[in-house]
Amino acid sequence: MALYFRRYQSCSGTFGIIIAIARIQGVQQVDEIQPRQIKSLSNKLIRQYILHPYTRVKDLRTNVETTGATEVLDGDIDLFIKAYLQQQNKTTSVGKEALDNSK
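First things first, this report covers the structure right here in the doc.

Cut-offs applied
- Residues numbered from 1 in each chain as written.
- Predicted model: local features only at pLDDT ≥ 70, side-chain atom pairs only at ≥ 80, totals over all residues.
- Heavy atoms only, no water.
- Helix = DSSP H or I, 4+ residues; strand = E, 2+ residues; numbered from the N terminus.
- Buried < 20%, exposed > 50% of the residue type's maximum accessible area, 1.4 Å probe, protein only.
- Contact = heavy atoms within 4.5 Å.
- Areas by Shrake-Rupley, 256 points an atom, 1.4 Å probe, with all protein chains shown as cover.
- Core = buried A, V, L, I, M, F, W, Y, C linked by side-chain atoms within 4.5 Å.
- Salt bridge = Lys/Arg side-chain N within 4 Å of Asp/Glu carboxyl O.
- Polar contact = N/O pair within 3.5 Å; in protein donor to acceptor, adjacent residues only side chain to side chain.
- Pairing = 2+ DSSP bridges.
- Phe/Tyr/Trp six-rings, centres within 6.5 Å; stacked < 30°, edge-to-face > 60°.
- Lys NZ or Arg CZ within 6 Å of the ring centre and 35° of its normal.

## Observations concerning the overall build of the chain
Then, in step 1: The number of helices and strands found in the chain is 4 helices and 3 strands.
Then, in step 2: Ordered by position from the N terminus, the helices and strands of the chain form the series α-α-β-β-β-α-α.
Then, in step 3: Relative to its full complement of 103 residues, the chain shows a buried share of 16%.
Then, in step 4: Counting only contacts in the chain whose residues sit at least 6 apart along the sequence, the fraction spanning at least 24 positions is 11%.
Then, in step 5: Summing over all exposed atoms, the chain offers an accessible surface of approximately 8700 Å²; the carbon and sulfur share of this is 54%.

## What to know about the nonpolar core
Then, in step 1: Judged by nonpolar contacts, Val57, Val64, Ala69, Val72, Phe80 and Ala83 together constitute the single largest core of 6 residues.
Then, in step 2: What Val64 contacts, discounting residues up to four positions off in sequence, is Val57, Lys58, Asp59, Leu79, Phe80 and Ala83.
Then, in step 3: Ile18, Ile21, Ala22 and Val27 belong to the second-largest nonpolar core, a separate cluster that totals 5 residues.

## Some thoughts on the pattern of salt bridges
Close approach of charged atoms allows side chains of opposite charge to pair.
Then, in step 1: Applying the stated rule across the entire model yields 3 salt bridges.
Then, in step 2: Put simply, Asp59 and Arg47 hold a salt bridge, and the shortest N to O gap is 3.9 Å. Of this pair, Asp59 sits in strand E2 (residues 56–59) while Arg47 sits in strand E1 (residues 47–50), and the two are 12 residues apart along the sequence.
Then, in step 3: The salt bridge partner of Arg56 is Glu65, with a shortest N-O separation of 3.8 Å.
Then, in step 4: On the basis of relative accessibility, which here comes to 42%, the residue Glu65 falls in the partly exposed class.
Then, in step 5: One network of salt bridges, in which partners are shared, links Arg47, Asp59 and Arg61.

## Here we look at the environment of Thr66
Then, in step 1: Mapping Thr66 onto the fold places it in strand E3 (residues 65–66).
Then, in step 2: Setting aside residues up to four positions removed in sequence, Thr66 forms contacts with Thr55, Arg56, Val57, Val72, Leu79 and Phe80.
Then, in step 3: One polar contact links the side chain of Thr66 to the main-chain amide nitrogen of Gly68, over a distance of 3.2 Å.

## Quick notes on the sheet that holds E3
Then, in step 1: One open sheet holds the 3 strands; their spatial order is E1-E2-E3, and the pairing between them is antiparallel. Where the open sheet ends on each side, the last strands, each with one partner, are E1 and E3.
Then, in step 2: Sheet analysis places E1 next to E2, joined by 4 bridges and oriented antiparallel. Residue Ile50 lies in a different strand from E2, and its bridge partner there is Arg56.

## Points about the packing of aromatic side chains
Then, in step 1: Going through the model one piece at a time under the given rule, you end up with 0 aromatic pairs.
Then, in step 2: Arg61 extends its terminal NZ or CZ atom over the ring of Tyr84, reaching a point 4.5 Å from the ring centre.

## What about the side chain of Asp59?
Then, in step 1: Residue classification places Asp59 among the buried positions, given a relative accessible area of 0%.
Then, in step 2: Side-chain polar atoms of Asp59 contact the backbone nitrogen of Thr62, separated by 3.2 Å.
Then, in step 3: Setting aside chain neighbours within four positions, we find Asp59 in contact with Ile46, Arg47, Val64 and Phe80.

Here is the structure:
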């Protein structure tokens, strides 16, 4: 187990993900994690980055685009967060209206 711990510790991002999965599943040991219960995150792309011959970043969930690829790569994703939250708010509002109209 120590070998695995050192390997995961050297990749702190991966180790953090494994710890988070263990907490979600309510297990104490990494060995106890049930792989079939882990929802795959790699199958769904969130953003598309084009860096050559021009720069563009497109959020595939909201279809918001920007040419400021450098800023996005530096962590400035407020534009995408706001668009996603607005989209979620509209979805929630539409759902509430449908419920109100059905009464």
